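# Structural features, examined
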Amino acid sequence: MSLLDIQNLTVTFPTPRGPVNVVDGVSLTLGQERLGIVGESGSGKSMTGRAILGLVRPPGVVKADRMAFEGQELQGLSDRAMRKIRGARISMVMQDPKFSLNPVMTVGRQIEEALRTHESLPRRALKARVAEMLEAVRIHDPERVMDLYPHEVSGGMGQRIMIAMMLIPRPRILIADEPTSALDVSVQGQVLDLIDELVRENGMGLMLVSHDLHLVGRYCDRVMVMNAGRVVEVLDAKNLHAAQHPYTKGLLAAVPRMNETRAELPTLDRSQWAST
Amino acid sequence: MGFDMSAIHLKDLNIFYGDTQVVHDVTLDVAAGESFALVGESGSGKSTILKAIMGLAPDWTGAIEVDGKPRSHGPDRAFSRQCQMVFQDPYGSLHPRKTIDATLAEPLLIHGLKNRDARVVELLGEVGLDARFRFRFPHQLSGGQRQRVAIARALALEPRFLLLDEPTSALDVSIQAEILNLLKRLRKERGLTYLMVTHNLPVVAFMCDRLAVMRHGRIEEIASAEALKTGALATPYARELYRLSNPEETAEEQP
């Protein structure tokens, strides 16, 4: 049984010119694997992740023929039941640690809170789990880091703390929404390697949402390309360069290369497939 | 206009924010007509150098000369005719309550230039924006369109130097390609000199003639774009950045 089974997911927002489907009939399944979702701004890739966690705020409306996590339908669950899944069973790492960590709470307290929300443990055990988790994200002096505030840590460390916080309840699925785009190149690799390692070790499912095709190709097994709310193409990551759809090809070609010789970069002719 | 004379000349530049020194002993020369990149991690001082040249980071020692003239420590009206800056975030750098028309006319107005109406239309055309965008507000434009407006505004006074601070890092790759092509074309047509900050080495390979690799406020290495393309960088840090930016190709070299 797959961890996640989504059929015909639609997210609709009202606009002055009538309702717009920002996600338009997306179907996907996720097993113990790494699935990449790629697309440009406005392609609906982040909304897909948010819809799974029930984080689409009104006036947005989420509909699907089926949206099941480990066989359990997520639609129609009470807020209370959803809270038991969100964070504990499916969790999400967001883009920028600067905005997703609480600035007035120490790092240790925040990670501890993530665990305490879902499990009741004695105080000492809590602290031990937090220290263990920080070591797992390669923070070597957890005792010191626990007492720091978010502004006292670097972006890369902040993102590792976010990952620790998201993984401490031992979820089955991790949704990582552009987890490294706010980070320097030198740190990006470390953070992704870390996510990769933890996901594999714990037999989790990873959904990596990004605009960077090459990055997703490197860290995922399958890649789903989205445009204007629809799935354009699903590929094995190793066959990324053999992409068939002109949109995927266009995205790949638009990226400058290190040994660049082209005088001009090819740009997308949006009139071919974009509806807006 | 040849490459022989130094258009932007920095010598022993030290820049401070309060008691903290963020740039140490930076010396570099950018030739007229050249496109030069500053690369490095966040906090390496690359954007601060652009700010100091513009007069936005006034606390510095050493020498900054642009077009043979020493720079003062603050903003300077005559200098702004020569040199303009394009910022990273097109969502933050345009006034949200001003129409595109007002944004583009403002530098012309400040400098008392005539024919503002015709110039604004001309500027829109040069950056590839349709005239119907003229009376819109920034929120009615996409990120790429806004960055085109920011570039048009920088070009309004017909400067010879553009300082570009991560001009495409907030944009999608397909939009990035459009903006990079635009910048490349403008430089060729107008003989502009670019000093560009970026952390994206492939963008440097596409856009620039030379680059300086910075770390902790110092220049580690100055290299040609050719050296970058072939990975022939001298210092370990620059090679490490190259390896991290180019994982596919460098992975293949290893057994």
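Residues numbered from 1 in each chain as written. Chains lettered and ligands numbered in written order. Predicted model: local features only at pLDDT ≥ 70, side-chain atom pairs only at ≥ 80, totals over all residues. Heavy atoms only, no water.

## What about the overall build of chain A?
To be explicit about the condition: Helix and strand assignments come from DSSP, with helices taken as H or I runs of at least 4 residues and strands as E runs of at least 2, each series counted from the N terminus. Throughout, the radius of gyration refers to the C-alpha atoms, and the reference size of a globule is 2.2 Å times the residue count to the power 0.38. Think of it in three bands: with a 1.4 Å probe and only protein chains considered, a residue is buried below 20% of the maximum accessible area for its type, exposed above 50%, and partly exposed in between. Only heavy atoms matter for contacts: two residues are in contact if any of them lie within 4.5 Å across the pair. Only the protein chains shown count as cover for residues, and the accessible areas themselves come from Shrake-Rupley with a 1.4 Å probe. A residue counts as positive if it is Lys or Arg and as negative if it is Asp or Glu; His and the chain ends are not included. Charge positions are represented by NZ for Lys, CZ for Arg, CG for Asp and CD for Glu.
Secondary structure assignment for chain A yields 10 helices and 11 strands. Computed over its C-alpha atoms, the radius of gyration of chain A comes to 19 Å, within 12% of the 19 Å expected for a compact globule of 276 residues. Dimensions along the principal axes, computed over C-alpha positions, put chain A at roughly 60 × 50 × 40 Å. For chain A, the residues scored as buried account for 53% of the 276 residues in total. At a minimum sequence separation of 6, the contacts of chain A that also span at least 24 residues come to 65%. Accessible area for chain A stands at about 13,100 Å²; split by element, carbon and sulfur atoms hold 49% of it. Across chain A, 33 positive and 32 negative side-chain charges occur, with their mean positions spaced 4 Å apart.

## Digging into empty space enclosed by the protein
Worth spelling out the cut-off: Site definitions follow a grid-based scheme: protein atoms alone, a 1 Å grid, a 1.4 Å probe that fits but cannot get out for cavities, and for pockets an open set with protein on both sides within 12 Å along at least five of seven lines, plus lining residues having an atom within 4 Å of a point. Grid points are joined across faces, edges and corners, and a volume is the space filled by probe spheres set on the points. Under the scheme applied, nonpolar residues are Ala, Val, Leu, Ile, Met, Phe, Trp, Tyr, Cys and Pro; charged residues are Asp, Glu, Lys and Arg; polar residues are all the others, including Gly.
Taken as a whole and judged by the stated rule, the model has one cavity of 30 Å³ or more. By volume, the largest cavity amounts to about 70 Å³. Around the largest cavity sit D184, V185 and S186 of chain A together with V39, G40, E41, H199, L201, L241 and S245 of chain B, which together line it. Of all the secondary structure elements, the ones that give two or more residues to the lining of the largest cavity are α8 (185-201) of chain A together with β3 (35-40) and α9 (236-245) of chain B. Among the residues making up the lining of the largest cavity, the classes are represented as four nonpolar, four polar and two charged.

## Brief notes about the interface of chain B and chain A
Going by this rule: Buried area counts how much accessible surface, traced with a 1.4 Å probe, disappears from two parts once they are put together, with both parts' losses summed. By salt bridge we mean one thing: a side-chain nitrogen of Lys or Arg within 4 Å of a carboxyl oxygen of Asp or Glu. Polar contact is defined as a pair of N or O atoms within 3.5 Å, subject to the rule that within protein one atom must be able to donate a hydrogen and the other to accept it, and that residues adjacent in sequence are counted only when both atoms are side-chain atoms.
With 27 residues of chain B at the contact, the number on the chain A side is 24 residues. Summing the contributions of chain B and of chain A, the shared interface buries around 2,300 Å²; its carbon and sulfur component is 59%. Our enumeration of links across chain B and chain A arrives at zero salt bridges. On inspection of chain B and its partner chain A, the count reaches five residue pairs in polar contact (both at pLDDT 80 or more).

## A short note on the side chain of E233 of chain A
Residues and elements named next belong to chain A. Residue placement: E233 occurs in strand β11 (residues 230-236). Lacking a salt bridge, the buried E233 has K249 as its closest oppositely charged neighbour, with an N-O distance of 8.3 Å. Within the local environment of E233, its side chain forms a polar contact with the backbone nitrogen of Q244, the two atoms lying 2.9 Å apart. Within the structure, the side chain of E233 is placed 3.2 Å from the backbone nitrogen of H245, a separation counted as a polar contact. Those residues within four positions of E233 in sequence are excluded, and the remaining contacts are V223, M224, V225, A243, Q244, H245 and T248.

## Details of the sheet that holds strand β9 (residues 210-215) of chain B
All names here are of chain B. Stated formally: The pairing criterion for strands is at least two bridges between them, as found by DSSP. The axes are straight lines fitted to the C-alpha atoms, using for helices just the contacting stretch, and the angles between their N-to-C directions are given from 0 to 180°.
Taken in spatial order, the six strands of this open sheet run β6-β7-β8-β3-β9-β10, and their pairing is mixed. In the strand order of this sheet, the two ends are held by β6 (83-86) and β10 (218-224), each with one partner. Neighbouring strand axes in the sheet, compared pairwise and without regard to direction, differ in orientation by 15° on average. Strand direction decides the pairing type here: strand β7 (residues 161-165) and strand β8 (residues 193-198), joined by five bridges, are parallel. Bridge pairing in β8 places D165 opposite V197. Strands β3, β9 and β10 of the sheet are contacted by α9, whose axis makes an angle of about 105° with β9.

## A look at the pairing of strand β9 (residues 205-210) of chain A
Residue and element names in this part refer to chain A. Convention followed: For a crossover, the right-handed case is the one in which the path from the first strand over the helix to the second runs clockwise, viewed with the strands pointing away from the viewer.
The buried count for β9 comes to six of six residues, which makes it a mostly enclosed element. Two strands pair when backbone bridges link them, and strand β3 (residues 34-38) and β9 are joined in this way by five bridges, in the parallel orientation. For V38, the partnering residue across the bridge sits in β9 and is S210. Judged from the five bridges that link them, strand β8 (residues 173-177) and β9 form a sheet pairing that is parallel. Looking at the pairing, I173 lines up with G205 of β9. Once the chain exits β8 it traverses α8 before rejoining the sheet at β9, and the crossover so formed is right-handed.

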